[in-house]
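Report on the structure
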Amino acid sequence: MTQPLLAVDRLSKSYGAIRAVHDVSFAVAPGEIVGVIGPNGSGKTTLFNCILGQTVPSAGAVRFRGTPLTGAAPLAVSRRGIGRTFQSLQVFGSLTVRDNLIAAAQEFQGSMAARLLAPSDAGLGARADAMIERFRLGRVARHPAGSLSYGQQKLVDIAMAFMPDPALVLLDEPAAGINPSLVEELRALLEGLNRERGATFVVIEHNMDFVMRLAQRVLVLAEGRLLAEGAPETVRAHPEVMEAYLGA
Amino acid sequence: MRTRAYAASLVLALAAAPAAAQQTVKLFSIVELSGPGTTAGTNFKNGVELAVKEVNAAGGILGRRIATETYDTQTNPQTAKALAQKAVDSEAFAVMGPVFSGSIMVSMAETRRAGVPNFTGGEAAGITLQGNPYVFRTSFSQATGMPKLANYLASGLKVKSVAIVWVNNDFGKGGRDQMTKELAARNIKVAADVSTDQGQVDFAAAVLRAKQANADALFVYLNEDESARILRELRKQGYDRPIVGETTIMGQKVIDLAGEAANGVRGHVGLTIDAPNPAIRAFGAKFEKEYNYKSDHNGIKGYFAVFALKAATEKAGKLDRKAVAQALKNACYKTAEHPGLLMDVCFDDKGDIDRESFLVEVKGGKQVVVETLPPLSKR
Amino acid sequence: MADLVQLLVSGCATGAVYALAAMGFVLLWQTSGTINFAQGEFVMLPAFAMLAGLALGLPLPLAFLASLVVAALVLGAAFKRVVVDPLVRAGVLPLVVATLGLSLAAKHAVRVGFSAEAQPFPQIFPEGVWNVLGVRVSAADVGTLLVAGALLAALHLFITRTLFGRSMQACAQNPDAARVLGIDVAGMILATFVINALLAACAALLVTPVWFARFDMGEAIGLKAFFAAIIGGFNQMRGALLGGILLGVLENLAAAYLSAQYKDGVALALFVLVILFRPEGLLGRAEERKV
Amino acid sequence: MSLGLTRAQWLAVLAVLVALALLPLGLKRFGIYMLSLWCVFVVAGHGLNLTMGYAGQISLGHAAFFGIGAYASALLVQAGWSFWLALPAAGAICVAAGLVVGFPALRVQHHYLAFATLGFNVLAWLFFRNEEWLTGGNFGVRNITRPALFGRSLDGDLAFFYACLALMAAASYATAWLLATPWGRAFAALRDNPIRAESLGIDIRAYTLAAFALGALYAGVAGAFFAPLVGYIDPSPFHLTHSLAFMMAIIVGGAGRFFGPFLGIAVLILLPEWLRGISGGALTRIAQEWYLVGFGVLVMAMVVWCPGGLLGLAGRLRRRA
């Protein structure tokens, strides 16, 4: 295996006596789609937050492209090329969809002072329009994002994460709360991004069908521990997993 | 469209000088009706209105009725200046107020520019030192009052040292600066110099410092509410030296608020409702009947201002602002001819006045005049 | 030494009143995330309600009771229904602005409708002054401290020892869990608003004899209560107590020993330092960063 | 730059400017003075609107920046500087102050930041009052002269009004321009959702500081004009209460809306004068006396029912019609 894009080494996070994440290690290779599953409270989101700098891990290390990322602040993490979405909806409600997309990428080029003199779309108009087309948001491109339906906002949210061409994207339950046909569309979109751009991502998901079809490899968390890891079929067949997951 | 309609109506409103006003004498009261100067401004305004009522009932000035308008400066000099402009724009014959020195210092530039006589209750020395021919006092300046009080401290109370507690605003700072100078001239030591804030509540520290200074007397120079609070604290901490003040602290409002604790305070008052003078007593009764409370010195100032204007206008013989201002220079007016003035008074060439004043003491919840001081010029 | 004690006693009496108002701040913040910038007016209004009662010929105790009722209804229930409820989900800042508007309206309504001048108010404690080892202590100081202390202690007992109080606390800490436990969350929040109004009315009774009833008397007390709450800890009742007393005492000490001109600056410097280095307040718990 | 306006809209803007320029011709000194004051306050209002309306950072210290600008320009001019040098100096001092005040943003969450600005305002006011050697203390700075431009004195009321109007036009243009750059978008992102913004590489601390510095710059420049307009400054107009009034005016006009400050400041300072100008029946007298009460209620009502301010209300009514 070549150098992994993301390497998580024995990561732990405890809140007092509660171990939210306990001794978790895994790696993500470039171009890979990794799913993370586990029952509620199994530590998936805490794991994400530790990697992304929202919380500081109690122990362990995170490396990105071979250099340490442990404890870096969220801004630094994003500047290093790691995008993310949140469990809850997070768009800029008062900006138009197109402006949301431009906002998502404009800070990755030039200096802050240069942006003061840059053209209004920061030279990102074409890229935003392409993303709008890919996510089929053309009809609402000029509407304030806050006025869109939940499913559409979710698409905007995900599109934003991909706008700056991140090396890695961490998606927290992208399919939650959207209708089944849109789920299917979303899977196709993500697969397309992976295929065409080699986009790498880690997906937390409750929708088993969605994640099993999308991911090339699946991690199973239970009570903060990494219970199993492997190709979707292998994991699905793992008796302990089925017990932990379905038994919960 | 909306903007333009609004703008147009604004033009109409701002430009609409009342046209029917030629037959009246227009008087503008620009006074403190809110903010820290409320008590002073309200009294002054009420005094003006009472006087206007009486003048109008007696046939007005040179046969013309007086029409008044009142504006609130919010005790804010910038607002006072703007309102003075407004009065000038509306062709004021004279402007009454503001009472606070900080405000009149700024607003009088406007009345001066337009040549409108401007009476003020302000006491800062600087007001009449700017060569403004249109500004006139209704009371002593601090430069007149403080020496009188300092004389009293030096020869009446025979003190060697004084603690000063003052309020840190233009009124308090001005008085404190003037007093410090006067005390130095009389070889009286300032043993403590304590600044307090407008609106201050807890005077424990200020009183403590005054006590620690161990001075022969305490000079308190605060606004009304704060004067009352410090008097309570002085009583509580058992301050046993003479407490002296200039005008404010012996005012009726302070006595009402401080109750018992005001007893024993003494000092100099330019004007007081309790003066041994039938005209002033009569004014006090009328004022109380009209407004249901006792006037303080600012009420007398406002009342006096209107009658001073009337006297000067009659002397000038015509409704001419410049002539009226001229008639108030180096001129004396007697109550025999102008009873509304309450006391014989002389204006000098700068707009300062000279007349009798009083040494008073608060006894049994009332201001009692101990001695009447003659006008400076008679000395 | 006696001088220092003199300042401490006086500062504590003043600070106890700040603490009463600050306590209300903390209660509202804990249960509903409301920062009430009209807190000072919540003290001013009952003072005028009492004056109105006195003017109608009621004796002071009755006027006070009436003002308690009015405060509970208007400053408690109505305030919550009309101003807070519609905004509680919009976050902290809209409520800050709305209560600023309320403060402005209340102040000037009293100014125009009643009077702009300070009104005398009857003394509630006897006039006596004792000399204790060179320290002059007035009945008013002792009374204010005792009453404020008793109120705060009662409130503390009420919240920690009674079922009702503990339910209130549960709502403050975790409304969802409280709801699951069958606690009437809305009712509990309403209760804190009423308690805040009652505390403010009590503060009014204590301060008005000294501060005098004046339309803008709330400006100082509201700001001081706010500073006290932040300094002590915005999410801690004990913090409000500490903050209030600290503020009252510091002002006096600063005026006596440092600079009378900057006496407010000392408390303010402490306030800014707390915000910078210990935003949870001297006694507060750190609030977890929310994602 | 077109700033996204059509030609018709540009013409409308021009027409309004011309109307404003013609407006004072029918007015006396007081009216001209009030309009000048409005222009100056609108400039400061743009600053607060940037900080608060667009970038979502509540500032309770705007009057302090306004004061710093006013004192800086007044004192520098009295020290013999040209006003046109004192003006940028005042702006620069305010930017520095804005950065210092925004500094807690590097450490604390945003409502605490609002509290810190409140503390700053009180401290600044104490400084203005106490440091008599510099600021004149309670007695203030008197006889502040008005500058000349290209050899023409701006001392006349009308001349200075045009200077204020030009300032307002320039500041408004600068605001519109700024909002059309990527910064405007970053400010909106900061306001709408700072946590999300951070995950997208938006340096929320840097933009928060920038928002404070810009707000302070506008306030400082406005203050620098305020001093010669009034001719006298003392600490009173820079008190905390005026910061709160500024903020409420922006809310009433419509925070985060370009025309919000124009309307909000008009409601704050022109409307009461206009009401007073209607010579009057009992009803207008009541309206005058109860004006501030009404303003307070309006602020509450706006926040509760109409977060878009009066402009938002107008928009809502238009859509319904």
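Every value quoted in this text rests on a predicted model; they were computed, and no experiment measured them.

Criteria and thresholds
- Residues numbered from 1 in each chain as written.
- Chains lettered and ligands numbered in written order.
- Predicted model: local features only at pLDDT ≥ 70, side-chain atom pairs only at ≥ 80, totals over all residues.
- Heavy atoms only, no water.
- Helix = DSSP H or I, 4+ residues; strand = E, 2+ residues; numbered from the N terminus.
- Rg over C-alpha atoms; globule rule 2.2 N^0.38 Å.
- Buried < 20%, exposed > 50% of the residue type's maximum accessible area, 1.4 Å probe, protein only.
- Contact = heavy atoms within 4.5 Å.
- Buried area = accessible area lost by both parts, 1.4 Å probe.
- Salt bridge = Lys/Arg side-chain N within 4 Å of Asp/Glu carboxyl O.
- Polar contact = N/O pair within 3.5 Å; in protein donor to acceptor, adjacent residues only side chain to side chain.
- Nonpolar A, V, L, I, M, F, W, Y, C, P; charged D, E, K, R; others polar.
- Axes fitted to C-alpha atoms, helices over the stretch in contact; angles between N-to-C directions.
- Parallel < 35°, antiparallel > 145°, perpendicular 65-115°, else oblique.
- Left-handed = near helix turned anticlockwise from the far one by under 90°.
- Pairing = 2+ DSSP bridges.
- Disulfide = S-S within 2.5 Å.
- Phe/Tyr/Trp six-rings, centres within 6.5 Å; stacked < 30°, edge-to-face > 60°.
- Lys NZ or Arg CZ within 6 Å of the ring centre and 35° of its normal.

1. Looking at the overall build of chain A
Counting its secondary structure elements, chain A contains 10 helices and 10 strands. The C-alpha radius of gyration of chain A comes to 18 Å, within 12% of the 18 Å expected for a compact globule of 248 residues. Overall, chain A is about 55 × 40 × 35 Å in size when its C-alpha atoms are taken along their principal axes. Relative to its 248 residues, chain A shows a buried fraction of 55%. If you take every contact in chain A between residues at least 6 apart in sequence, the share linking residues at least 24 apart comes to 68%.

2. Describing unusual backbone geometry
A cis amide bond links G97 of chain B with the next residue in sequence, P98 of chain B, at an omega value of -5°. A positive phi angle, near 50°, is found at R65 of chain A, a position not held by glycine. Mapped onto the secondary structure, R65 of chain A falls in the loop between β4 (59-64) and β5 (67-68). The phi torsion at L133 of chain C lies on the positive side, around 50°, for a residue other than glycine. Assignment of secondary structure puts L133 of chain C in the loop between β1 (129-132) and β2 (135-138).

3. Quick notes on the interface of chain A and chain D
At the interface, 34 residues of chain A touch 25 residues of chain D. Buried surface at the junction of chain A and chain D, summed over both partners, amounts to about 2400 Å²; 60% is from carbon and sulfur atoms. Among the residues of chain A in contact with chain D, F92, M112 and L116 of chain A are the three that bury the most area, contributing 27% of the side total. Taken together, chain A and chain D are joined by 2 salt bridges. The salt bridge involving D99 of chain A is made with R185 of chain D; its shortest N-O contact spans 2.9 Å. Inspection of the chain A/chain D interface yields 18 residue pairs in polar contact (both at pLDDT 80 or more). Of all the secondary-structure elements, those providing two or more residues to the side of chain A that touches chain D are α2 (74-79), β6 (82-84), α3 (97-106), α4 (112-117) and α6 (150-162) of chain A. A total of 5 residues in the side of chain A that touches chain D trace back to one element, the largest contributor, which is α3 of chain A. Residues that form the side of chain A that touches chain D fall into these classes: 19 nonpolar, 8 polar and 7 charged.

4. A few points about the packing of helix α3 (residues 60-87) of chain C against helix α8 (residues 185-211) of chain C
Residues and elements named next belong to chain C. At their nearest, the axes of α3 and α8 sit 8 Å apart, and the two run at 140° to each other. Classified by the angle between their axes, α3 and α8 sit oblique to one another. Crossing of α3 over α8 shows right-handed handedness. Counted together, L60, F64, S67, L68, A71, A72, L75, G76, A77, F79, K80 and V84 of α3 and A186, I189, L190, F193, V194, A197, L198, A201, C202 and L205 of α8 form the full contact between these two elements. Its residues assigned to classes, the contact of α3 with α8 shows 19 nonpolar, 2 polar and 1 charged.

5. As for the pairing of strand β2 (residues 18-28) of chain A
Residues and elements named next belong to chain A. Alignment of strand β1 (residues 6-15) against β2, held across 7 bridges, turns out to be antiparallel. Within β2, the position partnered with V8 by the bridge is F26. Between the antiparallel neighbours β1 and β2 lie 2 residues, among them G16 with a positive phi of about 60°.

6. Some points on the pattern of salt bridges
All told, the structure shown has 47 salt bridges over all chains when counted by the stated rule. The partner of K286 of chain B in a salt bridge is E54 of chain B, and the shortest N-O contact between them spans 3.0 Å. On the criterion of sequence distance, the pair formed by K286 of chain B in helix α10 (residues 278-291) and E54 of chain B in helix α2 (residues 38-57) is long-range, its members being 232 residues apart. What makes E54 of chain B partly exposed here is its relative accessible area of 22%. Between D197 of chain B and R129 of chain D there is a salt bridge, with the nearest N and O atoms lying 2.7 Å from each other. Here R129 of chain D lies in helix α5 (residues 110-130) and D197 of chain B lies in the loop between β7 (189-196) and α7 (204-213), a pairing that spans two chains. What you see here is one network of salt bridges that share partners, running through K81, E110 and R113 of chain B together with R29, R146 and D157 of chain D.

7. Some remarks on the state of the cysteines
The final tally for this structure, using the stated rule, is 1 disulfide over all chains. Across the disulfide, C332 of chain B is cross-linked to C346 of chain B (sulfur-sulfur distance 1.9 Å). Every disulfide takes its handedness from the sign of the S-S torsion; for C332 of chain B and C346 of chain B that torsion is 110°, giving right-handed. A residue pair is termed long-range when its members are at least 10 positions apart, and C332 of chain B in strand β11 (residues 331-333) and C346 of chain B in strand β12 (residues 345-347) qualify at 14 residues. A relative accessible area of 24% places C346 of chain B in the partly exposed class. You can see C12 of chain C has no disulfide; the closest cysteine sulfur is in C202 of chain C, sitting 20 Å from it. C12 of chain C sits in the partly exposed class, given a relative accessible area of 22%.

8. A few points about the packing of aromatic side chains
Two measures describe an aromatic ring pair: the distance that separates the ring centres and the angle between the ring planes. One pass over the full model with this rule turns up 45 aromatic pairs over all chains. Measuring from centroid to centroid gives 6.2 Å for F226 of chain C and F227 of chain C, while their planes differ by 45°, and the two rings are tilted. The structure contains a cluster of three or more aromatic residues connected by ring pairs, namely F25, F37, F226, F227 and F271 of chain C together with Y112 and F115 of chain D. Lying over the aromatic face of F86 of chain A, R84 of chain A brings its terminal NZ or CZ to 3.9 Å of the ring centre. Between the NZ or CZ atom of R355 of chain B and the centre of the ring of F304 of chain B, over which it lies, the distance is 4.7 Å.

Honestly, it's all geometry; don't read function into it.
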